[in-house]
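Structural overview
Chain residues, written in single-letter form:
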Amino acid sequence: MSSAQYPLESRPHSVAHLFLSRVEATPGREAYRYPVAGAPGAHGSEEWRSLTWAQTAERVNAIAAGLLALGLRPEERVAISSSTRIEWILADMGVMCAGGAATAVYPSTNADETAYILADSDSRAIFVEDAAQLAKVAEHKDRLPGLDHAILFDAEADPPLIEGMETLTLAELERRGAAHLRDHPDAIGVTVRAIEPDRLATLIYTSGTTGRPKGVRLVHDCWSYQGVAQEATGLVRPDDVQFLWLPLSHVFGKALISGQITSGHVMAVDGRIDRIITNLPTVRPTVMASAPRVFEKVYNGIASKARAEGGAKHKIFLWAAKVARDHARTGQERMVATGRRTVPLWLSVQHAVADRLVYGKIRAAFGGRLRGSASGSAALAPDIGYFFAGAGVPVLEGYGLTETSAACTVNPADDFRVGTVGRTLPGTEVRIAEDGEILLRGPGIMRGYHNLPDKTAEVLEADGWFRTGDIGDVDKDGFVRITDRKKDLFKTSGGKYVAPTEIEGRFKAVCPYVSNILVIGNGRNYCTALITLDETAIMPWAAAHGQAGRDYAEVVSSPDTHALIDGFVQRVNGDLQRWQTIKKFSVLPRDLDVEHGELTPSLKVKRPFVEKEYAHLVEAMYEGSREA
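Structure report, in brief. (Residues numbered from 1 in each chain as written. Predicted model: local features only at pLDDT ≥ 70, side-chain atom pairs only at ≥ 80, totals over all residues. Heavy atoms only, no water.)

**Here's the deal with the overall build of the chain**
Scanning the chain from N- to C-terminus turns up 21 helices and 25 strands. The C-alpha atoms of the chain give a radius of gyration of 25 Å, which matches the 25 Å a tight globule of 628 residues would have. The dimensions of the chain, computed from C-alpha atoms along their principal axes, are 75 × 55 × 55 Å. Here the chain holds 628 residues, and the buried ones make up 57% of them. Long-range contacts, defined as pairs at least 24 residues apart, comprise 66% of the intrachain contacts of the chain with a sequence gap of at least 6. (Helix = DSSP H or I, 4+ residues; strand = E, 2+ residues; numbered from the N terminus. Rg over C-alpha atoms; globule rule 2.2 N^0.38 Å. Buried < 20%, exposed > 50% of the residue type's maximum accessible area, 1.4 Å probe, protein only. Contact = heavy atoms within 4.5 Å.)

**Digging into the sheet that holds strand S25 (residues 582-587)**
Taken in spatial order, the 3 strands line up as S23-S24-S25 in an open sheet, and their pairing is mixed. Two strands in the sheet have a free side with no partner beyond their single neighbour: strand S23 (514-520) and S25. On average, each strand axis in the sheet is tilted by 25° relative to the strand beside it, whichever way the strands run. Looking at chain direction, strand S24 (residues 527-533) and S25 are connected through 5 bridges and run parallel. Each bridged residue has a counterpart across the sheet, and for Ile531 the counterpart in S25 is Val587. (Pairing = 2+ DSSP bridges. Axes fitted to C-alpha atoms, helices over the stretch in contact; angles between N-to-C directions.)

**Concerning the packing of helix H11 (residues 292-309) against helix H14 (residues 382-390)**
Direction vectors running N to C along H11 and H14 enclose 70°, while the axes themselves pass 11 Å from each other. Between H11 and H14, the interaxial angle falls into the category roughly perpendicular. For the pair H11 and H14, contact is made by Phe295, Glu296, Val298 and Tyr299 and by Ile384, Phe387 and Phe388, respectively. Its residues placed into classes, the contact of H11 with H14 shows 6 nonpolar, no polar and 1 charged. (Parallel < 35°, antiparallel > 145°, perpendicular 65-115°, else oblique. Nonpolar A, V, L, I, M, F, W, Y, C, P; charged D, E, K, R; others polar.)

**Description of the sheet that holds strand S18 (residues 437-441)**
Taken together, the 4 strands give an open sheet; going across it, the order is S17-S18-S19-S20, and neighbouring strands pair in antiparallel fashion. This sheet does not close on itself; its edge strands, each paired only once, are strand S17 (429-432) and strand S20 (480-485). Direction aside, neighbouring strands of the sheet carry axes that sit 50° apart on average. Here S18 pairs with strand S19 (residues 466-474) via 3 bridges, running antiparallel.

**Some thoughts on the environment of Ala16**
For Ala16, the position within the fold is in helix H1 (residues 15-25). You can call Ala16 buried: its relative accessible area is 0%. Each C-alpha atom of the pair Ala16 and Leu244 lies 20 Å from the other, and the pair is 228 residues apart in sequence. Excluding anything up to four places from it in sequence, Ala16 contacts Met93, Met96, Cys97, Val192 and Ile195.

**Concerning helix H6 (residues 170-183)**
Helix length check: H6 (14 residues) gives 20 Å between terminal C-alpha atoms against 20 Å at 1.5 Å per residue, within 8%. Structurally, H6 contributes buried residues whose contacts are with helix H2 (53-69), helix H3 (86-97), strand S5 (123-128), strand S6 (149-152), strand S7 (166-169) and helix H7 (187-193). (Expected span 1.5 Å × (residues − 1).)

**Remarks on the pattern of salt bridges**
Applying the stated rule across the entire model yields 45 salt bridges. Across the pair Arg275 and Glu46 runs a salt bridge, and its minimum N-O distance is 3.7 Å. Note that Arg275 is positioned in the loop between strand S11 (266-269) and helix H10 (276-283) and Glu46 in strand S2 (residues 46-52), a separation of 229 residues in sequence. Glu166 serves as the salt-bridge partner of Arg176, at 2.6 Å between the closest nitrogen and oxygen. Of this pair, Arg176 sits in helix H6 while Glu166 sits in strand S7, and the two are 10 residues apart along the sequence. Each of Arg341, Asp415, Arg417, Arg423, Asp475, Lys476 and Asp477 takes part in salt bridges that share partners, so that together they form one network. (Salt bridge = Lys/Arg side-chain N within 4 Å of Asp/Glu carboxyl O.)

**Quick word on the nonpolar core**
Counting 129 residues, the largest nonpolar core has Tyr32, Phe127, Phe366 and Phe388 as the members making the most contacts within it. In terms of residues, this core owes the most to one element, H3, which gives 9 residues. The residues touching Phe388, leaving out its near neighbours within four places in the chain, are Phe295, Val298, Tyr299, Ile362, Phe366, Val393, Pro394 and Val395. (Core = buried A, V, L, I, M, F, W, Y, C linked by side-chain atoms within 4.5 Å.)

**Quick word on the side chain of His314**
With respect to the helices and strands, the residue His314 is situated in helix H12 (residues 311-338). Classification of His314 as buried rests on a relative accessible area of 19%. Excluding residues that lie within four positions of it along the chain, His314 makes contacts with Ala306 and Arg307.

**Thoughts on the state of the cysteines**
For the structure on display, the rule yields 0 disulfides. Of the cysteine sulfurs around Cys222, a residue in no disulfide, the closest is that of Cys408, at 12 Å. Cys222 sits in the buried class, given a relative accessible area of 0%. (Disulfide = S-S within 2.5 Å.)

**Here's the deal with the packing of aromatic side chains**
Following the criterion strictly, the structure yields 13 aromatic pairs and no others. Each member of the aromatic cluster is reached from another via a ring pair, and the members are Phe295, Tyr299, Phe317, Phe366, Phe387 and Phe388. One residue, Lys254, lies across the ring of Trp223, its end atom 4.2 Å from the ring centre. The ring of Phe416 is capped by Arg341, whose NZ or CZ atom sits 4.5 Å from the centre of that ring. (Phe/Tyr/Trp six-rings, centres within 6.5 Å; stacked < 30°, edge-to-face > 60°. Lys NZ or Arg CZ within 6 Å of the ring centre and 35° of its normal.)

**Digging into the environment of Pro185**
Within the secondary structure, Pro185 sits in the loop between H6 and H7. It is 9.6 Å that separates the C-alpha atoms of Pro185 and Ala65, two residues lying 120 residues apart in sequence.

**Notes on the packing of H3 against helix H9 (residues 251-263)**
How two helices sit against one another is set out by the angle between their axes and by the gap between those axes. Orientation of H3 relative to H9, taken along the N-to-C sense of each, is 75°, at an axis distance of 12 Å. One way to sum up the angle between H3 and H9 is to call them roughly perpendicular. Only Lys254, Ile257 and Ile261 of H9 make contact with H3, whose side of the interface consists of Trp88, Ile89, Asp92, Met93 and Met96. Among the residues making up the contact of H3 with H9, the classes are represented as 6 nonpolar, no polar and 2 charged.

**Concerning unusual backbone geometry**
For residues other than glycine, phi is negative in most cases, and the peptide bonds are mostly trans. A positive phi angle, near 70°, is found at Glu75, a position not held by glycine. Take Glu75: it is sitting in the loop between H2 and strand S3 (77-81). A relative accessible area of 30% means that Glu75 is categorised as partly exposed. Its identity is not glycine, yet Ala406 carries a phi of approximately 80°, on the positive side. Position of Ala406 relative to the elements: it lies in strand S15 (residues 406-410). Given a relative accessible area of 4%, Ala406 falls into the buried group.

And the structure:
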């Protein structure tokens, strides 16, 4: 099945249509791989099992029919509260093939906000991963009179009873569905054929950095478009093996399924973050989607290990890292100028030597076959992008929002440009407003915020243009560059504008110990920063510099650590305008995380929340300063 069979202008009405077509075209081909907990595989790894497309369809149809048997009607919402796993995909496709609409709920969402999302979406049923997720529903069942059914993925015994709601296992739902199909063998076909492009398919609630989340209404055509457009870029191929660990409750992870169904490649599914490094050599993916934080952590880990080994190994790594960046940067500059990604002979020779000494080991850590990794949700520091590109693991940055059903731009594998988020997907338009805001229009744009017409009108214009809230530009070749979030830009008391994301990215590129950094300065007469350190990187350094035996909190508060970080701050300041420089900084006693409410589930910093939480440290950095 190729993208030529699905031109954008005559794409299928829904991913449900795409799915049934895929099953018909390649029923015996492998569709998914997934680990089985407690089932040992080779060399101490877990056993991975597979589903063909026909086997996947058998389970999806049973789930869809089970939902129909429960009385699900078109566009009624069914929530999914679970980590990324094969059952999430089966449940989501089951909801779509039953004509319903899925409400995505992050498993890390607390009970109060989970209840808000379920009530606002008017979800009639919910798939939950385990008893812990079910307990959050039970805690606020009085706020959810319309929630009639809960279906558990994991249930060792009979599901607990909750007043006013039936609880059953996924296996029981599938049994009911199989019985329904025996009586109504064409139930799924009839239901899918009735789905129109503008029927609601998914509600994804933006995690947001302030206030209650907003439900983004994504219709079936959004996902059908994503599938066809992704394959048309050439980023995914029928013979690919893609490793999926991103949260499926996030639009980025969810959109990847559309592309996979369209191209028909294998998807290895395991959302356990602590298993990523272990899984890579087992899965040996050819493509993978990720977030910049993963590449930052990998780079910091490599740099820290080389530094700990010291001597010649450290010098070789520093040299190889510089060669990687020079090779990638030079090749890109020549690609822009001449259309050919070439480098001087001397640099090519150095790169070949560095490849044998260093880069091959980096590629092996990713499984040895990774030809590219799409990256989104936040900006990747260019120096880190050049490093991985030079090492043979190109990070293909893209751009999208929940409101655009994920990707609307992406870097092409054969002409990627570090520092940009690539070109628009086929069928999507981009323009820059007078104030620099990026506007987008195309089939992937949401149909509005659920129950919030006024909020919808603020961002969605009558002619279809969506205001992204991001500032950027488009070069002569159509590559889009994001410079900052419109709301994050601030003006100092001296009237100078500062783009904090740019400064933060530069700091992450030079400091191998940083985890998060937040540049502050709105209305102030100079910039400051709140910084957190990566424990796995800073603790080995501390042990080697007279701080062995100290815990993390002691290490990050020590004068020696402050002096270390100050060196990197001054290094960044040397390349900034005077009003952009970081005059003072505070290292926080622990890293930011989702559990404390400082990060969104997609790992974006909640700036207002963090500034308020650490207001005492911020005020201390401005104590005695003259404010305009």
